[in-house]
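Okay, here's what each chain looks like letter by letter:
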Amino acid sequence: MAGMLYLVPTPIGNLGDISIRCKKTLEEADFIAAEDTRVSLKLLNHLGIRKPLVSYYEHNKSQKGNVILDRILAGETCALVSDAGSPAISDPGEDLVKQCAEAGVTVCAIPGPCAVITALSISGQSTGRFCFEGFLSTAKKSRKEHLESLVSEQRTMIFYEAPHKLLSTLESMAEVFGADRPISLCRELTKLHEEVVRTTLGGAIALYTERAPKGEFVLVVAGAQPPEKVAFTAEDAAERVAQLMEEGLSRKDAVKQTAKELDLPKNVVYDAALNVE
Ligand code: SAM
């Protein structure tokens, strides 16, 4: 019988955030696939766990993915961990999950630390609807294109960012979204120097021009305001009905189309158009 793949989230700063279930899964797995075995060894030593480790990272994932899958198909259970947080979220794992799913292997994701959700929860921005945009490109042109594709995005947007790229990212964001767009900069989450700065893009640029950004950041940017609805008057409706009738539409069809176009109740348009010849 085939084994299983477990996705095991690990702390993003505070070692106390490892759950009982994650620890048990690591203890019971036949082997652990890790993004950086040296990083994971530190955690395993802290937990007192000794297990065979296999490295699985961006540049060996196609070859190692097959090796891991074969071992699972042969009956072994694999626990996948990344350096910090949830595997497969801006981290290796996505491809292995796809490979396992296609091969009919059961994949079990254990809930746990994830920077995107931790940041969103603490951001003070709307949490009802959000989109995760991961890391922006380092190339200025594609970064700008990515941001421009989000110009009318109304959901809260979440980005990962490295400190050395923070200022140029904030500048690109201010160019595209406007300097007054609210942003929460969530830094060093769950760590000793955890900090959340709730400001605007312009305010963030001013702050980090003065003080060099340090540590790991998640940027939570407010979505665009919905476009203001234009309120059409009965006069506008009568004018549009007249225009459509001139174009050959019957009064009934002109009223129907005008009501739809101007988002007005049909009876209002009908009354307004009574005297249209
Ligand atoms: N898979 C991970 C997760 O579930 O959060 C994310 C891995 S991604 C390679 C690393 C990025 O996550 C960092 O560059 C930073 O943007 C964000 N991050 C990770 N830990 C963080 C922390 N403690 N505080 C703020 N951001 C963090």
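Calculation criteria
- Residues numbered from 1 in each chain as written.
- Predicted model: local features only at pLDDT ≥ 70, side-chain atom pairs only at ≥ 80, totals over all residues.
- Heavy atoms only, no water.
- Axes fitted to C-alpha atoms, helices over the stretch in contact; angles between N-to-C directions.
- Helix = DSSP H or I, 4+ residues; strand = E, 2+ residues; numbered from the N terminus.
- Parallel < 35°, antiparallel > 145°, perpendicular 65-115°, else oblique.
- Left-handed = near helix turned anticlockwise from the far one by under 90°.
- Contact = heavy atoms within 4.5 Å.
- Nonpolar A, V, L, I, M, F, W, Y, C, P; charged D, E, K, R; others polar.
- Buried < 20%, exposed > 50% of the residue type's maximum accessible area, 1.4 Å probe, protein only.
- Near = heavy atom within 4 Å.
- Polar contact = N/O pair within 3.5 Å; in protein donor to acceptor, adjacent residues only side chain to side chain.
- Areas by Shrake-Rupley, 256 points an atom, 1.4 Å probe, with all protein chains shown as cover.
- 1 Å grid on protein atoms, 1.4 Å probe; cavity = no way out; pocket = protein on both sides within 12 Å on 5 of 7 lines; lining within 4 Å.
- Sits in = over half its atoms within 2 Å of the grid points.
- Domains from an automatic or database assignment.
- Pairing = 2+ DSSP bridges.
- Right-handed = clockwise from strand over helix to strand, strands pointing away.

Chemist: Whenever I open this one, the packing of helix α7 (residues 166-177) against helix α8 (residues 201-210) confuses me. Can you help?
Modeler: Where α7 meets α8, the closest approach of the two axes is 9 Å, and the angle between their N-to-C directions is 155°. Of the possible angle classes, the one that applies to α7 and α8 is roughly antiparallel. Classified by chirality, the crossing of α8 by α7 is left-handed. Only L201, A204, I205, Y208 and T209 of α8 make contact with α7, whose side of the interface consists of L166, L167, L170, E171, M173, A174 and F177. Of the residues assigned to the contact of α7 with α8, the class counts are 10 nonpolar, 1 polar and 1 charged.

Chemist: Got a minute to help me understand unusual backbone geometry in this structure?
Modeler: Residues apart from glycine generally show negative phi values, whereas peptide bonds are mostly found in trans. With a phi angle near 80°, A88 is a residue other than glycine that sits in the positive phi range. Mapped onto the secondary structure, A88 falls in the loop between β4 (78-81) and α4 (94-102). Phi angles above zero are rare outside glycine, and S90 is one such case at about 50°. Of note, S90 is situated in the loop between β4 and α4. Take S90: its relative accessible area is 35%, and that puts it in the partly exposed class.

Chemist: What am I meant to see in the site of the ligand here?
Modeler: Around the ligand there are 19 residues in total, and S86, I89, D91, A115 and F217 lie nearest to it. One nitrogen or oxygen atom from the side chain of Y160 is found 2.9 Å from an oxygen atom belonging to the ligand. Residue E161 places a main-chain N or O atom 3.3 Å away from an oxygen atom belonging to the ligand. Here the ligand has 570 Å² of accessible area as a free molecule, and 91% of this is covered by the chains. Most atoms of the ligand, that is more than half of them, are within 2 Å of grid points of the largest pocket. Here the shell around the ligand is built from residues that sort into 11 nonpolar, 3 polar and 5 charged. Looking at which domains feed residues into the shell around the ligand, each of domain 1 (4-109) and domain 2 (115-221) supplies at least three.

Chemist: Is there a simple way to explain the environment of A174 in this structure?
Modeler: With respect to the secondary-structure elements, A174 resides in helix α7. Given a relative accessible area of 15%, A174 falls into the buried group. Beyond its immediate sequence surroundings of up to four residues, A174 is in contact with A179, L201 and I205.

Chemist: Before we go on, may I ask you to explain the pairing of strand β6 (residues 130-135) in this structure?
Modeler: The side chains of a regular strand alternate between both faces of the sheet. Across 5 bridges, β6 lies against strand β7 (residues 156-161) in parallel orientation. Directly across from G134, in β7, lies its bridge partner F159. Assessed by its sense of winding, the connection that carries the chain from β6 through helix α6 (residues 140-148) to β7 is right-handed.

Take it as geometry only, folks, not as evidence of what the structure does.
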